[in-house]
Structure formats: structure tokens, C-alpha cells
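# Coordinate inspection notes
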There are 2 protein chains.
Amino acid sequence: MFESAEIGHVIDKETYDNEVPALREALLEAQYELHQQKRSAVIVLINGIEGAGKGETVKLLSEWMDPRLIEVRTFDTQTDEELAHPPAWRYWRQLPAKGRMGVFFGNWYSQMLQGRVHGQFKNAVLDQAINGAERLEKLLCNEGAVILKFWFHLSKKQMKARLKALKDDPLHSWRISPLDWQQSETYDKVVHFGERMIRRTSRDFAPWNIVEGVDPYYRSLTVGKILLEGLQAAINTPKVKPHSITVPPLPDPIDGKSLLDCLDMTLRLDKDDYEEQLITEQARLSGLMRDKRMRRHALVAVFEGNDAAGKGGSIRRVAAALDPRQYSIVPIAAPSEDERAQPYLWRFWRQIPARGKFTIFDRSWYGRVLVERIEGFCAQQDWLRAYGEINDFEEQLHNAGVIVVKFWLAIDKDTQLERFQARETIPFKRFKITEEDWRNREKWDEYRAAVCDMVDRTSTEVSPWTLVEANDKRWARVKVLRTLNDALQAAFEKRDRHDKKHKK
Amino acid sequence: MFESAEIGHVIDKETYDNEVPALREALLEAQYELHQQKRSAVIVLINGIEGAGKGETVKLLSEWMDPRLIEVRTFDTQTDEELAHPPAWRYWRQLPAKGRMGVFFGNWYSQMLQGRVHGQFKNAVLDQAINGAERLEKLLCNEGAVILKFWFHLSKKQMKARLKALKDDPLHSWRISPLDWQQSETYDKVVHFGERMIRRTSRDFAPWNIVEGVDPYYRSLTVGKILLEGLQAAINTPKVKPHSITVPPLPDPIDGKSLLDCLDMTLRLDKDDYEEQLITEQARLSGLMRDKRMRRHALVAVFEGNDAAGKGGSIRRVAAALDPRQYSIVPIAAPSEDERAQPYLWRFWRQIPARGKFTIFDRSWYGRVLVERIEGFCAQQDWLRAYGEINDFEEQLHNAGVIVVKFWLAIDKDTQLERFQARETIPFKRFKITEEDWRNREKWDEYRAAVCDMVDRTSTEVSPWTLVEANDKRWARVKVLRTLNDALQAAFEKRDRHDKKHKK
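In this text the structure is predicted, and so the values were computed from the model without any measurement.

### Let's talk about the environment of Q232(B)
All names here are of chain B. Counting through the fold element by element, Q232 comes out in helix α9 (residues 216–236). By relative accessible area, Q232 is classed as partly exposed at 34%. Separated by 238 residues in the primary sequence, Q232 and A470 place their C-alpha atoms 53 Å from one another.

Structure (C-alpha cells):
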């Protein structure tokens, strides 16, 4: 893997000086074209051996290219805010938009490599991280990103010489390299585990480029050229979607019976029961949210449902129980321009609550497999892969202590008609009904099938769906609150058991 | 995930009887069409809860369809032969050829699930297995397979009732279900870890189908219809290759210097040294192969090289050291009809030696990224993904104790010319030179670039490449033997250290 990056690649100054002007021009041109097209984001990952010229190269690239279109990010120590979120959150929030370029130092690979080198975990856990990286990159590439991964390499001998030279050079002596790099054991481990990482994540859609770092001319010109080719490929690749799916997925149940049919739509609460139970559950929610165990969790509630099923009313009853500083409500409509310039999960990742907090999504990432699927806003292969991507996403949240509670508020077709008609006649409700609602209603059966698929594919142990019988608004509101409370309580108790076991 | 397979799906007998004839006809027709086309293999994986009708359904499918085109495989207990090979070997050898259908009981999922349920390993190791399954399936799909995964489900209550009914039924009472299924703890674990497995491997290219198993009519008709759709999709999907690669991979080193340039092609041995060293290394190989530690390993040697580089001669010197029962030599030419009906790695998997044995490949799976790449025998995306697939393959071998030693025998262009000319004039060598050799020679530079890419991408810690300076045949032969011996010895010693550590 590293052999040909230890053979002493060299470019003489003259060649370098001759080639750089044309390269710079081409890089700039490609950069502007990429920016014009706004079709791909370019993500550059910088990894490798200490002293191999990572920093110098990135500095040079910023000089060669238009730095306004480049975002250089370092991810060394995590901020408080980052520590309060799932690990991938810090990367998602820094993703470059389409048309731009992000250079990531200290990215996901550095994290896992450091952890393994310092013995914080073993290979099986490293492999989990490797697999996670592969999935993330696959998703980003499917969403139009171009990922260029660079490993700046030095042989052990080269590294030692270079660290010494840097130390002796007054211009560089302030750059004290991390102590442990002085030890050859660290080098061996970095190369050993780095090789495992590179081997397993060098995939056709995002291969690694291993660059020998000794000679700055060679190094810089190599990286510049690879980058140029990557930019040009991003510009010139026709936007043909891969078409390799041969399995027709998600057949409807042949007896025509779905989970939605199993709901007892007559369930209801009378006014007194409702008021009593509502107050009880609201008080319970208030208490649970202030429980000190909440500090190790965050809460996400997803509200999806038929039009006019009462999502808004349910959300208000949840909010009413809480201090406004504890929660935020995120209404999801068609994506904004900024959001369209990112992978579809991006706008949800940025709204994921920090520990102790609660985010309510009024519609959500499930739009991908509902409205986008049915209206044809995304290609079939895009929504087909979304089930898996969403499960991965929610599993990451779960692993970080985020409790994800998902509601489908179901009403029957007649109830919807009544409510639509009522909305049209009651003045203060008229803004709530549009032509689009009527059009969606015509696609009732399609939506129904999509909902069943969605629940079948994404109701997981880490994040199950709750189907809510919502013909009766009172019943629905209480069931929503109770489900939230039960989920919180279950998570707290699970954690208690875990703590107890580990104390023993 | 399992919710909608616990709601009591039922089909009445009349509907069933009405639908089956047309379904059978359509299944048969699709099956023959698939067989005619010989473009896809269909792999059906059968998993799920004990008593959910797995066996009955497969039996029924064999009745409905032409059983001559279906291979039903069970993978419960491993044979001695299977135990002596890497774990995936047993699946590879049973893959159905294109145009045929394989039904796999007790497949890779059953293995990992059982291991996890019985506490043989933890989640991190389960996740490694899950990831391995995903990679295998991705490879198979890329090679034209259609994978249909069925999970036959029962709720816990349904399962208990069904096991009881089976026991009381004299027709079925001989079918004693595994004892541990009687315990509800087992059920809970199977569902819990099964969910993790299904969640993570339900991907667009091979999603899971979860089928409620209570009602035989519902179950059979559902599976039949999904299978029919799968077969039809396999038949009708246009053979368009996915085109999603935007990154131009594998740039040549900009200083034009490659590993091959670093070889000292003047290295040679005089006759006396050669004979002495040859005998020494041959004796060493003979001893190492008879070492009792060899019983825990197998040895694979891959010989690639320029035409006329002396692969045959080197192989003969290796073989000369050994008892013919210990090794086999596999010459790789263009694939046979049977081999073309399988994924490209299949014909190599079947030749992987059992523990204690040694297989010498005269040319190998690297044809994919050498001749197939250069002659355009496979599409760019196919050879691009091959680097990763090959690394996965060799890692599986390594993990099972197979030592993989890979040689590239390099000669320079002049030496090749001399040898070609000599072959044309020496009568007993004339069969060794063909028009094709001359044509290949014209593509010298292309092959050279492909070799460098290959070494850069697949020389891994678990299976490094050895470049052999082969202008002097004596030097080459001794280096080959010595490298093999060093690899064997290193593997033995690593294992010794491992054993010692674990004894402490």
C-alpha cells in the first residue's frame, strides 16, 4: 500500500516552475466552473504521517486557488457543542455546499486512527468506524459529492529526518510536533492501522491517493494534479443516475392488509378523561425533561401524518408542557436553496438537539420516502437507498443517546374530508387548506402504500414508529404525550440498569 | 421492522386456489426465460423464526417450479472440508450459475445470528460479519446476481402455538425443533439481533422481505409473488452498467518514477551460488511445509509477470521441492463457459487450498486489473471496484490462516525481445510464443501502468506484493523460493507468539 510512496519521488525545481502556472490556471478555471454548475461539492480529506507536508500543501492550494470557494476545516479537539451531539454531527455541519470545496483536516479517519493507536479500542470497534466512514462517503457520493482522500506518507526514516529538520529550522521550530510522534512505535502503529483503514475504504467511488511527502515539489504538484482531475471529473461527469437495481422492492401485502388497517379508528376519549389524562401526561413530560438523567440524552420527536390529521394540535400540547428554552420546533417545508445544495439529510443533521434538549420535527427526513417518492422529486434509486440511509442516521443518533420517537398520525378518508371542508368554512382555519391538500388527497392510496413501506422499512428497535389513531384528536394528543413519556422513561431506566451493571 | 408481520395476514383457500395456477405458470415461464438468457443468477436466502414455514415454503416452490433449475442448499453443520477452508468458501462453491436459482438455508446470516444469540461474540464482531455480508452481496449484485432475502416471521405467541401444533401433529411430530427455541429468551434474542442484521443489510440492491409465517396460503402466495417479481426484474433489467464514478482514479506518478523503476535489473547469481542457494531454499521449503505448524495454515502463491519473465521456470523450482500431494498448480487462462456463468472470483475461490495445502496460481484473479482492464474485457467500473473486492478476498483468506504470497516477475523490454526471439528459433520452445505475445508486447507501457496501479492498490499488510527482478532467471528463482520461505516462517512465528501470549 505504501511501497511506492517510499521510493524517493522527486521533481526538480525547473519542471515545477514550468508546470505550476498552467496548473494554477486550470485549477482556478475548474473551480469557477464547479461553482457555476453547483452540481457537486468537493470534499478533500487530509491524512497521513506527521511531518509529511499536510499543512504546507493545503496552504499552497489555498494560494493557488480562489480561497473564497474553499473551506478549510480542522477537527482536532471537539467543542462543548460538538461533544453534546452525535459524533458525525461536527462533520455534517461543515460539509461544503455544492459548487464549493471543503478541505477536512483531522476528519473521521484521524479520529478512529488515533483512538486505535492509543489503544482506546480494538480492531472490531475500528472496523465499525471504518464501516461507518464507508457508508457516510457512499451516501455523500450518491448525493453528488466528489471525495478526494489523501494520505501524505513518509517512511519511518524520512519522518525522523523531517521532524529533526523542522525542529532545527528557526522558521519552523515553533511547530512542535506531538511528542508521541518522536517514538517509532507510534509510527509503526499509525502505518499498521492506517493501512487497515485505507485498504478497507479505498473503494471505486472514493479511492485513497497516497502521496510521498518528502519532496515538496513532487508532493505539491501531485496533489494539485489529482485535485484538478477530480474537479474536472466532477464537472464533466454526466448526471446519469446509476441504474443497477434489479430487485423490485417492497411488494404490497397480498391480502391487502397493512398495519394501518389494524388501527382501531374508533378509539376516542371523552372530554373529562381527556383533560385529566392530558394534564397527567404533560406534568409527567415536564418532570422527565427536568430529570437529571436527561442530561445524558436528547429527544427528537418526528411528526408525520395525513394532511389535517392534527399534527399541529398535538405538537402544541407537547410544547405546552415545557419551558420554551428546552425545545425547538422545526417545521419542514420544501428545501431552501442552501438546503438543496447539500445532501438531503444535511438540514436535519443541523437541527439535531444537543444533550438535554428536545427537537420536534413537524414533518421530517421521511419526506424523502413520502412526498419526494410520490411526486417524483427524486429518482427511484434515491428513495430506495434512503431507507437504509435513514436507518443508519437514526442508529447514529441512538448510539449517541438521542431518543428518537416517530409518530404517524392516521385519520381515515372521511375524517379528512370533513376537516378539509371545515377548514374552508371557518375563517381562521382557512389558511390551513390549499389546493395542494386536495391534490394530495387524490393520491391517498399511493401515500398509504408509501407509509406502509416506510414503517416496514424504518420501524427499528432503535427507533420504532408509533401509529396514532387520530380520528379523535383527544385520543391522539394523549397517546402522543404518553408515548414520548414512556420512551424517555424506558431510556432512563435502561441507562440506570447499564450504570448499575458497570458499577458492580 | 417486524410489526406488519405480526398482524395476522390471512388469505382464504378460494383466493389461493384461484391464484396459484397463474402464478405457477408465470414462475415457470420466468424461470425458463432466465435460464435461456443466462445473464443473472438468482440467490434466495431463507431465514427467520423457527416454525414459520421456511421448509414448507421452499418445498412448495420446488413443486411449483422446475426443480432441475433450482439448487436448494443447507449450510448447517460444516463438513471437514469446509472447516479446513475460509468461512466464505462454502458459500462460494455453492453459488448458482447464471440462469439458475439457488435457495440457501442456513446461510451467512444464520451463522452470525446463531453465534451472537449463543453469546459466542459481541455486537462489534456481529457488525464485522454484517459488513462482510453486505460486501459479499454487493459484489454478487455487481456481477449480475439478484438476491432475494426472506425473513419468515412469527410473533412469540404465534411461534409457541405453532411449535405446539407441530409437536401434536403426528405428520410433523418427527420434526423436533431445536430445544432452545422452546425458550422465549431465545426468541427475544433472535428477534433482537435479527433486527440489527436486517436493519443494516436491507440495502437498495438487496432488501429484506419480511413475511408473516402463520397462514400457509398467505405465506406461500407472498413468497411466490415476490420471487416472480424478482425473476421478472432479473430478466427485464437492461444490462446497463451503473455509471456513478466521478473520481478519476489512479494517476500515474508525476515524476514518472514507479516501483518498477526502483528494481535493480542487473541483479544476478552465478551458477555455483545459484545451485547452492537453490538447494538450501528448496530444502527449507520442504521442511517448512512438513512443519506441524503448517496444519493451521494454507499457502497460496500467485505468479504474475511479463510474458517470458520465467513464471513457469520459477514454479517448477518451487514444485521440485515438494511432494506432489502437497501442492497443486492452477494455470489460469481465459475463463471457461462454466466460469463465465459465475462472478469472476468464483473460479479462484474454488481453488483455495485446505489447511495444510499449497496452491500455486500461474496467473490469477489479478487478470481482472491487468489483461481484462487493458483489453477492455470488462468495463472500467468493474476493474475499478475489483481492487477493493480483491483486498476483501485476500483479507478473508488471511483471517482464515491462508498465507498469500504474490510475485510480479519483471523483465525489461530488451530481455523480453531476446527471449521471444529465442523461443521462435528453439524448436521445443516454439509452442511458448504466439501472436498474442507480440501483440501484448506492443502494449508494454499500458501493462506497466496497470501493474503499478495494481501493486499500489493491492499490496497490503495482509498480502504484500513481491517484485522480482527476473532478467536473471537464477536470481528470480531463488528470490521466489526465499520469499515463500520467509512468509511461511513469519506466519509460523507470529502464531507461536500469539499462542504463547494466550497461554499466559
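Still to come is the rest of the account.
### As for the pattern of salt bridges
Tallied over the full model, the rule gives 80 salt bridges over all chains. E281(B) is the partner of R482(B) in a salt bridge, and the nearest nitrogen-oxygen pair spans 3.0 Å. Linking R482(B) in helix α19 (residues 473–503) with E281(B) in helix α10 (residues 271–290), this pair joins segments that are 201 residues apart in sequence. Overall, the relative accessible area of 32% leaves R482(B) in the partly exposed class. Taking the shortest distance from any N to any O, the salt bridge between R284(B) and D486(B) comes out at 2.6 Å. Note that R284(B) is positioned in helix α10 and D486(B) in helix α19, a separation of 202 residues in sequence. Owing to a relative accessible area of 25%, R284(B) belongs among the partly exposed residues under this scheme. The network of salt bridges with shared partners includes D127(A), E195(A), R196(A), R199(A), R200(A) and E395(B).

### Some points on the packing of aromatic side chains
Residue and element names in this part refer to chain A. Under the counting rule described, the total for this entry stands at 42 aromatic pairs over all chains. Consider the rings of W365 and F393, whose centres lie 5.0 Å apart with planes at 85 degrees: the pair is edge-to-face. Linking W365 in the loop between β8 (358–362) and α14 (371–374) with F393 in helix α15 (residues 380–399), this pair joins segments that are 28 residues apart in sequence. Taken as a pair, W365 and F393 share a single burial class, namely buried. Chaining the aromatic ring pairs together yields one cluster made of F2, F75, Y91, F104, W108, Y109, W151 and W208. Over the aromatic face of W383 sits the side chain of R373, whose NZ or CZ is 4.2 Å from the ring centroid.

### Side note on the sheet that holds strand β10 (residues 465–469) of chain B
Residue and element names in this part refer to chain B. Taken together, five strands build an open sheet; the order of strands is β7-β8-β6-β9-β10 and the sheet is parallel. Lying at the two open borders of the sheet, with one neighbouring strand each, are β7 (327–331) and β10. Taken pair by pair, the neighbouring strands of this sheet meet at an average axis angle of 20 degrees, ignoring direction. Note: β7 against strand β8 (residues 358–362), five bridges, orientation parallel. Counted as the bridge partner of S328 is T359 from β8. Across the face of the sheet, helix α11 (residues 311–319) comes into contact with β6 (298–305), β7, β8 and β9 (402–410) while running at roughly 160 degrees to β6.

### As for the relation of the copies chain A and chain B
Mapping chain A onto chain B leaves a residual RMSD of 0.0 Å; the transformation is a rotation of 180 degrees accompanied by 0.0 Å of translation along its axis. Such values leave the two copies arranged in the relation of a two-fold axis.

### Considerations on helix α5 (residues 108–117) of chain A
Every α-helical turn comprises 3.6 residues, leaving residues that sit three or four positions apart pointing alike. Residues and elements named next belong to chain A. Of all 10 residues making up α5, eight are buried, and the element is well covered by its neighbours. Taken as a whole, α5 has its buried residues at W108, Y109, S110, M112, L113, G115, R116 and V117. For α5, the N-terminal capping position is held by N107, with its side-chain oxygen 3.0 Å away from the main-chain nitrogen of Y109. G119 sits one or two positions beyond α5 and adopts a positive phi of about 70 degrees.

### What to know about the domain arrangement of chain A
Residue and element names in this part refer to chain A. Domain boundaries assigned for chain A yield domain 1 (3–236) and domain 2 (259–503). Domain 1 and domain 2 are separated by 39 Å when their C-alpha centres are compared. Contacts between the two partners involve 18 residues from domain 1 and, on the opposite side, 21 residues from domain 2. Here domain 1 meets domain 2 over a buried area of about 1700 Å², counting both sides, of which 58% is carbon and sulfur.

### Here's the deal with unusual backbone geometry
Excluding glycine, a negative phi dihedral is what most residues carry, and trans is how most peptide bonds are arranged. Residues and elements named next belong to chain A. If you check the backbone angles, A308 has positive phi at about 70 degrees while not being a glycine. Of note, A308 is situated in the loop between β6 (298–305) and α11 (311–319). Using a relative accessible area of 7% as the deciding quantity, one classes A308 as buried. Phi is positive for R363, which is not a glycine, with a value near 70 degrees. With respect to the secondary-structure elements, R363 resides in the loop between β8 and α14.

### Quick notes on the interface of chain A and chain B
Between chain A and chain B, the contact holds 75 residues from the first and 75 residues from the second. Buried surface at the junction of chain A and chain B, both sides included, amounts to about 6300 Å², of which 53% is carbon and sulfur. Of all residues in chain A, R199(A), D204(A) and I254(A) bury the most surface against chain B, accounting for 11% of the area lost on that side. Counting across the chain A and chain B interface gives eight salt bridges.

### Considerations on the sheet that holds strand β3 (residues 101–105) of chain A
All names here are of chain A. Read from one edge of the open sheet, five strands run β2-β3-β1-β4-β5, paired in parallel fashion. Each end of this open sheet is capped by a strand with a single partner; those strands are β2 (70–74) and β5 (208–212). Averaged over all adjacent pairs, the angle separating strand axes in this sheet is 20 degrees, with direction ignored. Alignment of strand β1 (residues 42–48) against strand β4 (residues 146–153), held across seven bridges, turns out to be parallel. Bridge pairing in β4 links N47 to W151. In the packing of α5 onto the sheet, contacts are made with β1, β3, β4 and β5, and the angle to β1 comes to roughly 25 degrees.

### Here we look at the UniProt feature "domain: Polyphosphate kinase-2-related" (unreviewed entry) in chain A
The UniProt feature table records "domain: Polyphosphate kinase-2-related" (unreviewed entry) at residues 11–233 and 269–492 of chain A. Along residues 269–492 of chain A the backbone is 52% helical and 14% strand, and the end-to-end C-alpha distance reaches 29 Å.

### Here we look at the packing of helix α1 (residues 13–37) of chain A against helix α9 (residues 216–236) of chain A
Residue and element names in this part refer to chain A. The N-to-C vectors of α1 and α9 enclose an angle of 25 degrees; their axes lie 9 Å apart at closest approach. In terms of their interaxial angle, α1 and α9 are classed as roughly parallel. Here α1 runs over α9; the crossing is left-handed. Every residue of α9 that contacts α1 at K13, Y16, E19, V20, L23, A26, L27, A30, E33, L34 and Q37 is listed here: Y217, S220, L221, G224, K225, L227, L228, L231, A234 and I235.

### Examining a negative patch on the surface
All names here are of chain A. Judged by side-chain charge, D270, D272, D273 and E276 come together as a negatively charged surface patch. Considering the arrangement of structural elements, one finds D270 in the loop between α9 and α10 (271–290). In this structure D270 comes out as partly exposed when scored by relative accessible area, which is 39%.

### Section: the environment of E461(B)
Assignment of secondary structure puts E461(B) in the loop between α18 (444–458) and β10. With 388 residues separating them in the primary sequence, E461(B) and R73(B) have C-alpha atoms 35 Å apart. Not counting residues up to four positions away in its chain, the partners in contact with E461(B) are V191(A), H192(A) and E195(A).

### Some details on the state of the cysteines
Residue and element names in this part refer to chain A. Tallied over the entire structure, the rule returns zero disulfides over all chains. Looking at C452, it has no disulfide partner, and the nearest cysteine sulfur is the one in C262, 9.4 Å off. Accessibility expressed as a relative area gives 14% for C452, which makes it buried.

About the cut-offs
Residues numbered from 1 in each chain as written. Chains lettered and ligands numbered in written order. Predicted model: local features only at pLDDT ≥ 70, side-chain atom pairs only at ≥ 80, totals over all residues. Heavy atoms only, no water. Helix = DSSP H or I, 4+ residues; strand = E, 2+ residues; numbered from the N terminus. Buried < 20%, exposed > 50% of the residue type's maximum accessible area, 1.4 Å probe, protein only. Salt bridge = Lys/Arg side-chain N within 4 Å of Asp/Glu carboxyl O. Phe/Tyr/Trp six-rings, centres within 6.5 Å; stacked < 30°, edge-to-face > 60°. Lys NZ or Arg CZ within 6 Å of the ring centre and 35° of its normal. Pairing = 2+ DSSP bridges. Axes fitted to C-alpha atoms, helices over the stretch in contact; angles between N-to-C directions. Contact = heavy atoms within 4.5 Å. Least-squares fit on C-alpha atoms with pLDDT ≥ 70 in both. Polar contact = N/O pair within 3.5 Å; in protein donor to acceptor, adjacent residues only side chain to side chain. Domains from an automatic or database assignment. Buried area = accessible area lost by both parts, 1.4 Å probe. UniProt positions renumbered as here; feature names shortened; annotations may be inferred. Parallel < 35°, antiparallel > 145°, perpendicular 65-115°, else oblique. Left-handed = near helix turned anticlockwise from the far one by under 90°. Patch = residues over 30% accessible without salt bridge, like charges linked within 9 Å, V, L, I, M, F, W, Y side chains within 5 Å. Areas by Shrake-Rupley, 256 points an atom, 1.4 Å probe, with all protein chains shown as cover. Lys, Arg positive; Asp, Glu negative; His and termini not counted. Charge placed at Lys NZ, Arg CZ, Asp CG, Glu CD. Disulfide = S-S within 2.5 Å.

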